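Chains, contacts and geometry: an overview
One letter stands for each residue in the lines below.
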Amino acid sequence: MGVQNRRRRFPNGNPAVGDNEILHRDEVVWGKSPNGTVFRVPTTHDVLTLFDPRYPKSHLDIVNLALLGLQLALFVWLSKRGAKLFFFFYFSFWRAAYDVGLGYVLTKQSKKKWIVREVQRRAWLDEKKRPLMRSWIRSQLQGKMGKDYSFDDLPLEYNTWLLFRQLVDIILLNDFLSYCFFAIACFRVPTGLSFVMHVMRWIGGMVLIAFNLWVKTEAHHVVKDYGWYWGDVFFQRGALVFDGVFEMAPHPMYSVGYAGYYGLSLIVGSYPVLFVSLAAHAAQFAFLVFFENPHIERMYGQRKLIAQRIPLIPTNISRSSSISIPPTRPRSRTETDPELSTPGATEGETSEPESEPDTEVDESYVPSPANPTLSNISKAKTLLQPTMTVHDLMNIYFRKDTLIFYNLDIFRASDVKLIVIIAYAVILGFIVPGFKSKRALLAFHFIHALSWRFFHSFGLGLLLQAQSRNKFLVRHFITHYHYPGKEAGRDATREAFSNWKSAYNMSLCMTYASFVGLAWQTYSIPAEWTVGDQLLRHTLGTILVLLHMWTASECYDVLGVFGWFFGDFFIEDYPATLAYTGIYRFLNNPERTMSGAAFFGLSLISGSKLVFALAVISQLSHWWFLSKVENPHMKKLYGSSLRQEAGLTKVVKQVAFKNAMLFESRATKHVPDIKRVAQEVKGTFDKVYEETAEVVKEFIHPPNLSEVVQDTKLMWRSRVTSEALMLDRGQYQISVGAKARFHIGEPITVHWHAPATHSKRDWIGMYRKGANKSTAVTKISSLGHWVPVHDDEWNGDIPVDVSQSRSPEKYEGDVVLKGENLPWTAGSYEIRYHHGGKYNVLSTIEVEIFVDDIPQLTLEAARNALTRLVVFALDSDPSLIPLSCQTRPYEDADDGRDPDDFNFWSEKQAKLLAKGIEQTFGVQYSAEVIVADANLSALANRILISKEILTTLYFSMSCKSQFYFSECVHAALKSPMTFNLGAVLVKGGKTLSSGYNHHRTHYDGADVLKHGHRKPTSMHAEMHAIFNATGMSPAFKTQFERGASKRSKLKPPTKVGHTQWHFL
């Protein structure tokens, strides 16, 4: 059961590496090493040959068999209690070796080719340095391979992979066998169950185990040894191809492939086995999240542009010609817009890459010279007819709408109403009102939850049905409200859709909140968890609730905000195609089968028939909504183009047909009867699939997770090493050329020169001038503003082990600080060269980061300043920066987009641009606002409007407030910190003191006693102002405990309310 989930990787349809079922004798399978070496891949054998005496055994195979035999001997020798304890810890060890150990080394191999580099460094396959080791490895590998294997002719990566897979066999087999022995040691016969329940328990367990074996067999038939042992981590073998069991569920070896765990738990009737199975399964999902998916994304993923403007109407079509608007998207499908849904690379239908939308230059487009002025750009934009794009359409109808509680904004009236009504539901559900009887209380909560369910399914369902048929909701707003201008129709649609989104989200929240309230009122904490089915009910109920949450998350990943809020019922001009990705690749409509999982889970936990009845009503109500509202709308839009069979149905039918053919071939005497039975069985699968609500689906497909910056962690060990003290700092030099001032965001190229003995783990960091008091050691975090001197010696921000450090191959070179490695704040900085992955400073230079000085802010001045920021934030990438910022003329562009449009690869780039705008213009924008504009002229115009509003607000302040504000600014300018803060303490209109945030190396002396050194600590601006006013250290408690005489000298204000704070 402990085997990995891989994908089929065949270039041009060739079978994968290690295919021991040779389809044709003359077939040749080719591999490619990372250095470009192409080689013929020999035949390999699967793990079952370990138990076949006809195959020779390597030394590692003998070790593996000995470990397996030792487990069997210990199981027979140990007592039942001793076997439970031993095999629990023994299985935990092998499970950790699999999920933690293999996950760690495979991740390092995927990122830095660490395993291959270790083999090279230790010279295991070097005939000159270690001939005995090479000879031993050669004999181990040649004995297990066939006649087409040549150890000397194959590249290092392939031989390393063969050696690695023998280690994998040891881990997987011992993991599987130790789990089986632990389960058998925990075997018991549950009491209190009828004979029928025991029979069903055994039958269900055996069915799950058989299904587990079938999934793994089919998966190995698809991926072969190449995917089974992560061959693509070592060498290339083609793109991803999905077929067989991988059409039934994503990651089947991690989800449904572990059904045997739960089948064996049923048979042995043991809660410890069940919980150990759940923990092991969760560990396997962690392996998927932290290694498998990131590796597949690195190998096969394609980056998606953010803010890419895809015209709704192709620009090469004449505007006077008749145009057929593409049909709107169905809610349960994914759209072509990359912003709304970005499924993982593992979710594609085939290995064919997705084609990008074709855009051509409009016939009326007049090219402009390279690097035009603002007037030239304006002329070009007036000649180019305006074209609505998908990006613009999304930002018209969607503005960080609240989804459950995500994007909640307490300054929006609709969100405040949502908070109030949820609070009312919580009070009703968890604080018992004044009912005289429990029966009346439950009746109240049942009617309350039922009302919200009917409103959500039938009330909103009928409203959405009317909107689909005759635009009822939009017509209502057009009829009763005035919308001036030419965009009256779009404004009415936007307001109708906005109100619908608010009502739908509120109804969704209240439906679940009222149901949880009813479940809470019927729930009572069990007095004895191990008596009866209490523990089992709580476990299964929790699993169903988590399954429901995961299904909803997967649906949203595919649908996006457009599909979640039924955008195709309102927005007619949105382009889409039918694309079944993500969870919709395996189920046509996951909501039909999974939408009630949480309700039934809560009914299991509560053990209430009333809650179960409401769960059934909720499921039936949602089925009505799908069948009477959503499905008719989809059929109206797409007709016969809707898919009839999902991946799960297809696989089940294929298995049924395969078994029918097998029966037919083996029972020739009863061919007519078998055909009839087979046809009947085949015909029932569609009906069963449509009627059942208990379809087994995958449990986990995690979103791509965001990266975590770890630069801010404190060093727990000493920063000064004896090795660094012996170095000659004069031999280490860094420079940035003759230029010492750089524009904010401008890449800084640092040239370094070091002796031949310098460490390959040296690194260069950038810090605010004055932040570090010592010139010999750095005591504060770089906040991510650093680069390694040798990138191959670092895994993210973690240096490789000292034992792996090799002699450097060069004595000087260049590194570039750019993008998020730069501080996007104006000021003076130090660039420091550090030794050996630690904080010892060997060389330092000073640079200055400045922003453009804009004497008079006009549209052209704002646009010119913004141009540099955009180019720097987007790393001067030609595919991202505006055409107006590029050297090529407009006629060379491959589309008809606005020359001021730009795109992003990630939201981080938008955040950097927002920081640059704040530093240059003094206005703050969120990344979402930057992405929504994604146009130089539009963003410059937004800045002008914002500055006008902010200037008006400033001059509307009283003269006294302006004076205090200027005092805060003056104090903040003295701060050496990355973020400059100032504060003034005012009483009775008189400024008592001012302060600014800065570093304080020592407060009360306790650091030396506790830590042995003085850790750097910052003093807040308001604390500094208090200190300057009172002469008292900010450690108030310590000062007050030193004596009353000290306290008597402070004389605090008698009326605290008259003391005013002004803080910037």
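Residues numbered from 1 in each chain as written. Predicted model: local features only at pLDDT ≥ 70, side-chain atom pairs only at ≥ 80, totals over all residues. Heavy atoms only, no water.

**A look at the overall build of the chain**
As a reminder, the rule being used: Strands here are runs of E lasting at least two residues and helices are runs of H or I lasting at least four, both read from the DSSP assignment and numbered beginning at the N terminus. Relative accessible area decides the class of each residue, using a 1.4 Å probe on protein chains only: under 20% of the type maximum gives buried, over 50% gives exposed, and in between gives partly exposed. Whether two residues touch is decided by their heavy atoms; if any such pair falls within 4.5 Å, the residues are in contact. Only the protein chains shown count as covering a residue, and every accessible area follows the Shrake-Rupley method with a 1.4 Å probe.
In terms of regular secondary structure, the chain is built from 30 helices and 19 strands. Counting every position in the chain, which comprises 1064 residues, the buried fraction comes to 47%. Long-range pairs, those at least 24 residues apart, make up 76% of the contacts in the chain with a sequence separation of at least 6. When the accessible surface of the chain is split by element, carbon and sulfur atoms take 60% of a total near 53200 Å².

**A look at the pattern of salt bridges**
Should their charged atoms come close, side chains of opposite charge can pair. Convention followed: Salt bridge, as used here, is a side-chain nitrogen of Lys or Arg placed within 4 Å of a carboxyl oxygen of Asp or Glu.
As enumerated under the stated definition, the model contains 22 salt bridges in all. A salt bridge links Arg138 to Asp152; the nearest nitrogen and oxygen atoms lie 3.2 Å apart. In this pair, Arg138 is assigned in helix α4 (residues 131-144) and Asp152 in the loop between α4 and α5 (156-185), connecting sequence segments 14 residues apart. In this structure, a network of salt bridges that share partners links the residues Arg95, Asp99 and Asp175.

**Points about the sheet that holds strand β7 (residues 748-753)**
By definition, the strands of a sheet pair up through backbone hydrogen bonds, in either a parallel or an antiparallel sense. For clarity, the cut-off: By the convention used here, strands pair only if DSSP detects at least 2 bridges between them. Working convention: axes come from line fits to C-alpha atoms, limited for helices to the stretch in contact. Angles between N-to-C directions cover 0 to 180 degrees.
Judged by pairing direction, the sheet is antiparallel, and its three strands sit side by side in the order β5-β7-β12 without closing on themselves. Only two strands of the sheet have a single partner each, and these edge strands are β5 (733-735) and β12 (812-817). Each neighbouring strand pair of the sheet contributes to a mean axis angle of 25°, computed without reference to strand direction. Bridge analysis of β5 against β7 gives three bridges, and the strand direction is antiparallel. Residue pairing in the sheet places Gln733 in a bridge with His753 of β7.

**Considerations on the UniProt feature "transmembrane region" (unreviewed entry) in the chain**
What counts, and what does not: UniProt positions are given in the numbering used here, feature names are shortened, and annotations may be inferred rather than shown by experiment.
UniProt annotation of "transmembrane region" (unreviewed entry) refers to residues 62-79, 85-107, 170-190, 266-291, 416-435, 441-464 and 597-625 when read in the numbering used here. As annotated, residues 441-464 has a helix share of 100% and a strand share of 0%, and its two end C-alpha atoms lie 33 Å apart.

**Considerations on the sheet that holds strand β9 (residues 786-788)**
The strand order across the open sheet formed by five strands is β6-β14-β13-β8-β9, and the pairing between neighbours is mixed. Of all the strands in the sheet, the pair left with one neighbour each is β6 (741-743) and β9. Neighbouring strand axes in the sheet, compared pairwise and without regard to direction, differ in orientation by 30° on average. Pairing of strand β8 (residues 763-768) with β9 involves three bridges; the strand directions are antiparallel. Bridge assignment links Gly765 to a residue of β9, and that residue is Trp786.

**Notes on a nonpolar patch on the surface**
To be explicit about the condition: Exposure above 30% relative accessible area and no salt bridge define the residues that can form patches, which grow by joining like charges within 9 Å and nonpolar side chains of Val, Leu, Ile, Met, Phe, Trp and Tyr within 5 Å.
A contiguous nonpolar patch, built from Phe187, Val189, Leu193, Phe195, Val196, Met197, Val199, Met200, Trp202, Ile203, Met206 and Val207 and spanning about 1100 Å² of accessible area, is present on the exposed surface. Locating Val199 in the fold gives a position in helix α6 (residues 195-228). We classify Val199 as partly exposed; its relative accessible area is 30%.

**Digging into the nonpolar core**
As a reminder, the rule being used: Throughout this description, the term nonpolar core refers to a set of buried Ala, Val, Leu, Ile, Met, Phe, Trp, Tyr and Cys residues connected via side-chain atoms within 4.5 Å.
With 71 residues, the main nonpolar core has Leu102, Tyr158, Phe164 and Trp230 as its most contacted residues. It is α5 that provides the largest number of residues to this core, a total of 15 residues. Membership of the second largest hydrophobic core comes to 56 residues, among which are Ile734, Ala754, Leu874 and Leu936.

**Describing the pairing of β8**
Burial analysis of β8 places six of its six residues in the buried class, which makes it a mostly covered element. The two faces of β8 match: Trp763, Gly765 and Tyr767 on one face and Ile764, Met766 and Arg768 on the other face are all buried. Two strands pair when backbone bridges link them, and β8 and strand β13 (residues 827-834) are joined in this way by six bridges, in the antiparallel orientation. Bridge pairing in β13 links Tyr767 to Glu830.

**Details of the pairing of β13**
Across the eight residues of β13, seven count as buried, placing the element largely inside the fold. Relative to strand β14 (residues 841-850), β13 is paired through eight bridges, and the arrangement is antiparallel. Directly across from Tyr829, in β14, lies its bridge partner Val847. Taken together, β13 and the strand that follows it, β14, pair antiparallel across an intervening segment of six residues, in which Gly836 is found at a positive phi of about 55°.

**Remarks on the packing of α5 against helix α7 (residues 259-268)**
To keep it simple, the criterion reads: Each angle is binned into one of four classes, with values under 35 degrees roughly parallel, values over 145 roughly antiparallel, values of 65 to 115 roughly perpendicular, and all other values oblique. The crossing is said to be left-handed when, going from far helix to near helix, the turn is anticlockwise and less than a right angle, and right-handed when the turn is clockwise.
In contact at an axis separation of 10 Å, α5 and α7 are set at 20° when each is read in the N-to-C sense. If you check the angle between α5 and α7, you find them roughly parallel. Pair α5 / α7 crosses with right-handed handedness. Two secondary-structure elements touch here, α5 through Asp175, Tyr179, Cys180 and Ala183 and α7 through Tyr261, Leu264, Ser265 and Val268.

**Examining the environment of Ile419**
With respect to the element layout, Ile419 can be found in helix α11 (residues 413-430). Along the sequence, Ile419 and Leu408 sit 11 residues apart, while their C-alpha atoms lie 9.1 Å from each other. With near-sequence residues (within four places) excluded, Ile419 lies in contact with Leu408 and Ile410.

**So, the packing of aromatic side chains**
The following threshold applies: Only centres within 6.5 Å qualify two rings of Phe, Tyr or Trp (six-membered ring in Trp) as a pair; their planes then separate them into stacked at under 30 degrees, edge-to-face at over 60, and tilted for everything else. Any Lys NZ or Arg CZ that is within 6 Å of a ring centre and within 35 degrees of that ring's normal is treated as a charge sitting over the ring.
Overall, the coordinates contain 50 aromatic pairs when judged by the stated rule. Ring geometry for Trp500 against Phe566: centres 6.2 Å apart, planes inclined by 75°, an arrangement best described as edge-to-face. A residue pair is termed long-range when its members are at least 10 positions apart, and Trp500 in helix α14 (residues 488-522) and Phe566 in the loop between α15 (534-564) and α16 (590-594) qualify at 66 residues. With relative accessibility at 2%, the residue Trp500 sits in the buried group. Under the relative-accessibility criterion, Phe566 is labelled buried at 1%. Here the aromatic cluster, defined as three or more aromatic residues joined through ring pairs, consists of Tyr397, Phe398, Phe497, Trp500, Tyr504, Phe562, Phe565, Phe566, Phe569, Phe570 and Phe625. Note that Arg165 overlies the ring of Trp161, its terminal NZ or CZ placed 5.6 Å from the centroid. One Lys or Arg, Lys216, reaches over the ring of Tyr258 and ends 5.0 Å from the middle of that ring.

**Considerations on the environment of Thr37**
As a reminder of what qualifies: In the analysis that follows, any N or O atom pair within 3.5 Å is treated as a polar contact, provided that within protein one partner can donate a hydrogen and the other can accept it, and provided that, for residues neighboring in sequence, both atoms belong to side chains.
Position of Thr37 relative to the elements: it lies in the loop between β2 (30-32) and β3 (38-40). Thr37 gets classed as partly exposed once you look at its relative accessible area, which sits at 35%. Note: C-alpha distance between Thr37 and Pro155 (118 residues apart in sequence) is 7.5 Å. Apart from residues lying up to four places away in sequence, Thr37 is in contact with Gly31 and Lys32. A distance of 2.9 Å separates a polar atom in the side chain of Thr37 from a polar atom in the side chain of Asn35.

**Examining the side chain of Thr551**
Along the polypeptide, Thr551 turns up in helix α15. Looking at Thr551, its side chain comes within polar contact range of the main-chain oxygen of Leu547, at 2.8 Å. Not counting residues within four places of it along the chain, the set of residues in contact with Thr551 comprises Ile583, Pro590 and Met594.

**Topic: the packing of α11 against α14**
Let me state the cut-off plainly: Classification used: nonpolar for Ala, Val, Leu, Ile, Met, Phe, Trp, Tyr, Cys and Pro, charged for Asp, Glu, Lys and Arg, polar for all others including Gly.
Where α11 meets α14, the axes come as close as 9 Å, and the angle between the chain directions of the two elements is 15°. When the axes of α11 and α14 are compared, the pair comes out roughly parallel. The handedness of the crossing between α11 and α14 comes out as right-handed. For the pair α11 and α14, contact is made by Ser414, Leu418, Ile421, Ile422, Tyr424, Ala425, Leu428, Gly429 and Phe430 and by Ser502, Asn505, Met506, Cys509, Met510, Ala513, Val516, Gly517, Trp520 and Gln521, respectively. In terms of residue class, the contact of α11 with α14 is made up of 13 nonpolar, six polar and no charged.

**A closer look at helix α8 (residues 271-300)**
Short version of the rule: Helix span, expected: 1.5 Å multiplied by one less than the number of residues in the helix. The angle between axes fitted to the seven residues ending at a residue and the seven residues starting there is what we call the bend at that residue.
Taking 1.5 Å per residue, 30 residues should reach 44 Å; α8 reaches 41 Å between its end C-alpha atoms and fits that length. Taken as a whole, α8 carries its principal kink of about 40° at Leu288.

**Thoughts on unusual backbone geometry**
With a phi close to 55°, Trp230 is a non-glycine residue in the positive phi region. By secondary structure assignment, the location of Trp230 is in the loop between α6 and β4 (240-241). With relative accessibility at 0%, the residue Trp230 sits in the buried group. Phi at Asn407 takes a positive value of approximately 70°, unusual for a residue other than glycine. When you line up the elements, Asn407 lands in the loop between α10 (390-397) and α11. The class for Asn407 is partly exposed, based on a relative accessible area of 24%.

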